[in-house]
Amino acid sequence: MNNSIIDIAKQTEELLNTSEICRAEEIRVKTLRKKLESQDITVSVIGQFKRGKSTLVNAILEEKLLPVGIVPVTSVVTRIQYGEKSAAVHFDNGIIQPIDFEELSEYINEQENPGNKRCVSSVMLHTPASFLKKGLTFVDTPGVGSAHKHNSDAAYAFVKESDAVIFMLSVDSPINEIEIDFLRNAKEYAAKFYFAVNKIDNVEEEELSAYLEYCRRLLCSLMAVENVMLFPVSAKYGTGLEELKTKIQSDCKTLVKEILEDSVAMKLKDIIGSAMSRLDLYWNALKMPIGRLDSRFNQMKECLAELEKDSKEIISQLDYDTTNTDYVGISNMLQVELNQMKQALSSSVAELFGMEYHYELTELNLTESYKLDNSQDSIENLKEKFLTETKQLCDELEHTLNLILMYREKNTITVARRIEDLNKLNRQLRKLRTLL
Ligand SMILES: Nc1nc2c(ncn2[C@@H]2O[C@H](COP(=O)(O)OP(=O)(O)OP(=O)(O)O)[C@@H](O)[C@H]2O)c(=O)[nH]1
Ligand SMILES: [Mg+2]
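Below you will find a few notes about this structure.

The rules behind the values
Every chain's residues receive numbers from 1 upward, in the order its sequence appears when written. Numbering of ligands from 1 and lettering of chains from A proceed in the order in which they are written. Two thresholds apply to this predicted model, a pLDDT of at least 70 for residue-level local features and 80 or more for giving and counting side-chain atom pairs, whereas whole-chain, interface and lining totals are computed over all residues. Just so you know, side-chain values use all the structure's heavy atoms and leave hydrogens and water out. Only DSSP runs of H or I covering at least 4 residues are called helices, and only runs of E covering at least 2 are called strands; the numbering of each starts at the N terminus. The cut-offs for exposure are 20% and 50% of the maximum accessible area for each residue type, with area from a 1.4 Å probe on protein chains only; residues under the lower value are buried, those over the upper are exposed, and the others partly exposed. By definition, residues are in contact when any of their heavy atoms lie within 4.5 Å. Methods summary: accessible areas were calculated by the Shrake-Rupley approach with a probe of 1.4 Å, and residue burial reflects only the protein chains presented. Put simply, a disulfide is two cysteine sulfurs that come within 2.5 Å. Method remark: on a 1 Å grid restricted to protein atoms, a set of points is classed as a cavity if a 1.4 Å probe fits but cannot get out and as a pocket if it is open with protein on both sides within 12 Å along at least five of seven lines; lining residues have an atom within 4 Å of a point. Grid points are joined across faces, edges and corners, and a volume is the space filled by probe spheres set on the points. We call Asp, Glu, Lys and Arg charged. Ala, Val, Leu, Ile, Met, Phe, Trp, Tyr, Cys and Pro are nonpolar, and the rest, Gly among them, are polar. Patch criteria: residues need more than 30% relative accessible area and no salt bridge. Like-charged residues are merged within 9 Å; nonpolar side chains of Val, Leu, Ile, Met, Phe, Trp and Tyr are merged within 5 Å. The term salt bridge refers to a pairing of a side-chain nitrogen on Lys or Arg with a carboxyl oxygen on Asp or Glu at a separation within 4 Å. His is not counted, nor are the chain ends, whereas Lys and Arg count as positive and Asp and Glu as negative. Where a charge lies is defined by one atom per residue type: Lys uses NZ, Arg uses CZ, Asp uses CG and Glu uses CD. A pair of strands is considered paired only if DSSP assigns at least 2 bridges between the two. Each metal's donors are the N, O and S atoms within 2.8 Å of it, or within 3.2 Å when it is Na, K or Ca, and because water is not part of the set, sites may look incomplete. Helix axes are fitted only over the stretch in contact, all axes being lines through C-alpha atoms; the angle between N-to-C directions runs from 0 to 180 degrees. Roughly parallel refers to an angle under 35 degrees, roughly antiparallel to one over 145, roughly perpendicular to one between 65 and 115, and oblique to any angle outside these ranges. In a left-handed crossing the near helix is turned counterclockwise from the far helix by less than a right angle, and in a right-handed crossing that turn is clockwise.

As for the overall build of the protein chain
Next, step 1: The helix and strand tally for the protein chain stands at 14 helices and nine strands.
Next, step 2: Looking at the protein chain as a whole, 49% of its 436 residues are labelled buried.
Next, step 3: Within the protein chain, contacts between residues at least 6 apart in sequence are counted, and of these 78% link residues at least 24 apart.
Next, step 4: Surface summary for the protein chain: the accessible area is close to 21,200 Å², and the carbon and sulfur share equals 49%.

Topic: the state of the cysteines
Structurally, a disulfide amounts to a covalent bond that connects the sulfur atoms of two cysteines.
Next, step 1: This structure, assessed with the given rule, holds zero disulfides.
Next, step 2: In this structure Cys394 is not part of a disulfide, and its nearest cysteine sulfur, from Cys303, lies 8.3 Å away.
Next, step 3: Overall, the relative accessible area of 1% leaves Cys394 in the buried class.

Description of the environment of Lys253
Next, step 1: Looking at where Lys253 falls in the secondary structure, it is placed in helix α8 (residues 241–254).
Next, step 2: Lys253 sits in the exposed class, given a relative accessible area of 60%.
Next, step 3: Sequence-wise, Lys253 and Gly135 are 118 residues apart; in three dimensions their C-alpha atoms are separated by 9.7 Å.

Focus: the layout of surface pockets
Next, step 1: Space inside the second largest pocket adds up to approximately 630 Å³.
Next, step 2: The wall of the second largest pocket is formed by 30 residues, among which Gly52, Thr55, Val68, Gly69 and Lys199 lie closest to the centre.
Next, step 3: At five residues, helix α3 (residues 53–61) tops the list of elements feeding residues into the lining of the second largest pocket.
Next, step 4: Looking at side-chain class alone, the lining of the second largest pocket contains nine nonpolar, 13 polar and eight charged residues.

Side note on a negative patch on the surface
Next, step 1: A cluster of acidic residues, Glu204, Glu205, Glu206 and Glu207, forms a negative patch on the protein surface.
Next, step 2: Within the secondary structure, Glu205 is located in helix α7 (residues 205–223).

A short note on the pairing of strand β9 (residues 229–232)
Next, step 1: One ladder, built from four bridges, connects strand β8 (residues 192–198) with β9; its direction is parallel. When the sheet's bridge partners are listed, Val197 is paired in β9 with Pro232.

What about the coordination of the magnesium ion (ligand 2)?
Next, step 1: The protein atoms that coordinate the magnesium ion (ligand 2) are Ser54 (OG) and Thr74 (OG1), at distances of 2.0 to 2.1 Å. With Ser54 in helix α3 and Thr74 in the loop between α3 and β2 (78–82), the pair connects residues that are 20 residues apart, well separated along the chain. Each member of the pair, Ser54 as well as Thr74, is classed as buried.

Observations regarding the sheet that holds strand β1 (residues 42–47)
Next, step 1: Taken together, the nine strands give an open sheet; going across it, the order is β4-β3-β5-β2-β6-β1-β7-β8-β9, and neighbouring strands pair in mixed fashion. Only two strands of the sheet have a single neighbouring strand rather than two, namely β4 (96–99) and β9. Geometrically, the sheet is characterised by an average inter-axis angle of 25 degrees between neighbouring strands, direction not taken into account.
Next, step 2: Here four bridges tie strand β3 (residues 86–91) to β4, and the two strands are oriented antiparallel to one another. Directly across from Ala87, in β4, lies its bridge partner Ile99.

A closer look at the packing of helix α5 (residues 149–159) against helix α6 (residues 177–186)
Next, step 1: At a minimum axis separation of 9 Å, α5 and α6 run at an interaxial angle of 30 degrees. One element, α5, and the other, α6, form an angle in the roughly parallel class. Considering the relative orientation of α5 and α6, their crossing is right-handed. Contact residues: Ala155, Tyr156 and Val159 in α5; Asp181, Phe182, Asn185 and Ala186 in α6.
Next, step 2: Taken together, the residues of the contact of α5 with α6 sort by class into five nonpolar, one polar and one charged.

Function cannot be read off these values alone, since they describe shape.
Here's what the structure looks like:
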C-alpha cells in the first residue's frame, strides 16, 4: 500500500511535470510526497465557533498558549510544533515575523485583529510540550459558522491540510447544520477523526449518556462508518483529556503510515481533479479567435517587460542608497515587491485569457536571514536572488503563453502533437485518479 501511494504520487508528479499548465498542482504533489517521506502528521482541532477548541489545545499542551473567550476569538490558523519556545507570524505577502508570546493576541484574536486586517496567513509556535514530542504538528483553527465569514473560510481551507482531525462538539448544543456541512467537507480530506464532546461539566451523567448516544448514531451515519471515536471531555477542567491524548499519541506512533497514506490519497485525488480542470481552462484560451489571442498576447508581453524593468529599478534604487545596510528591512521590502508582482501577473492572466494562473508565494528565506550579518555581501546576494526570481517569473509565464500560441497556430504537426499530448495527459491523470 505504502509503495503504491508513493508510486502514484511520483507518477502524478512526473505527469504534471510534462506540462507547464499544471505547475501549481505539481508543486502541491511534491509537498505531499515530502510529507509522506518525512512522516510529518498534522492534527488539527476544528469545529463550530465557541465549542472550546483553543481551550482544548491549551489543556492538551498543559500551557495557556492561546487566547480563549466567550465571543468568537480565534481568527487565524495556529500551528504548534515541538521545540524551544518561539513564535512567528506568517503574513499573506510571504513575510515571516518573529514575535513574543505576549503579542500573540494582536494577530490571532478576532477582537484585536478584526477581519484579519493584518493579513496574517498563519502563526507558527514552538513549545517543548510532551504531547508534541512524537513530531506531530498540532493546529488550532478558527471556528466555523460565526458572523465572521473569513474565520469559516480559513477553517474550510485548512481542513485540506489536515491528516487527522479532532472535531469539537459541545454537550450544551445538539449537532447542527453548520457542523454537519463542515464535517461532510472535512471527511473528503482528513484520514482520521476523533470526536471530542466538550463541556461535560455542564451536564449530569444521565444527560451525558443520552447525548453521547445521540452523537454516536448521527456521526456514524454521517461518516458512513460502524463506529466513531467519541471522547467526552471538559477542556476547562481537564476531565477526559488523558484518554484523548493517549489515543492520538498511540495512533501517531503505530498508525502514522496508514493515516498519512489515506490522507495523501484523498488530497492527491483533489489535486488531480484541479489539474484536469486547469486543462479545461487551457482549452478555453485555445478556443479564442487568433486575432484576439494575438492582441492579448502582446498586452501580456508588455506587462512582462514592464515588470522586469520595475524590478531592475527597485534594485538600482537600492544600489544608489549605499547607506542602507539593514538586511532584514531590505529582505522584507523585496519579499513584498516579489509577491505583489506575482499577484499582478496572476490577475493579468485571469483578465486577458480568462484562465487561472497561480504562483506559489515563495519566501526569500527570511528566517535564515536573521542568522546572517548585515554585510554588504549578504545584501548583494539578496538583490541577485530577487532579480533571478523576477526573471524566472516572467520567463515561466512567457513560456506558457508561447505554448498557447503554438497550440493556436493551425495546421502544423507541432500543434497536432501537442494537442495529442494534452489529451494523453488528461487520460493518464484520469487513470491515476481511479487508482486512489
Ligand atoms: N463550562 C465549560 N466551558 C468551556 C469549556 N471549554 C471551553 N469553555 C468556554 O467556552 C468558551 C469558548 O472557548 P474557546 O476555547 O475560546 O472556544 P473556541 O472554539 O476556540 O472559539 P473560537 O476560537 O471563537 O472558534 C470560553 O468561555 C471557555 O471558557 C469546558 O469544558 N466547560
Ligand atoms: Mg479558538
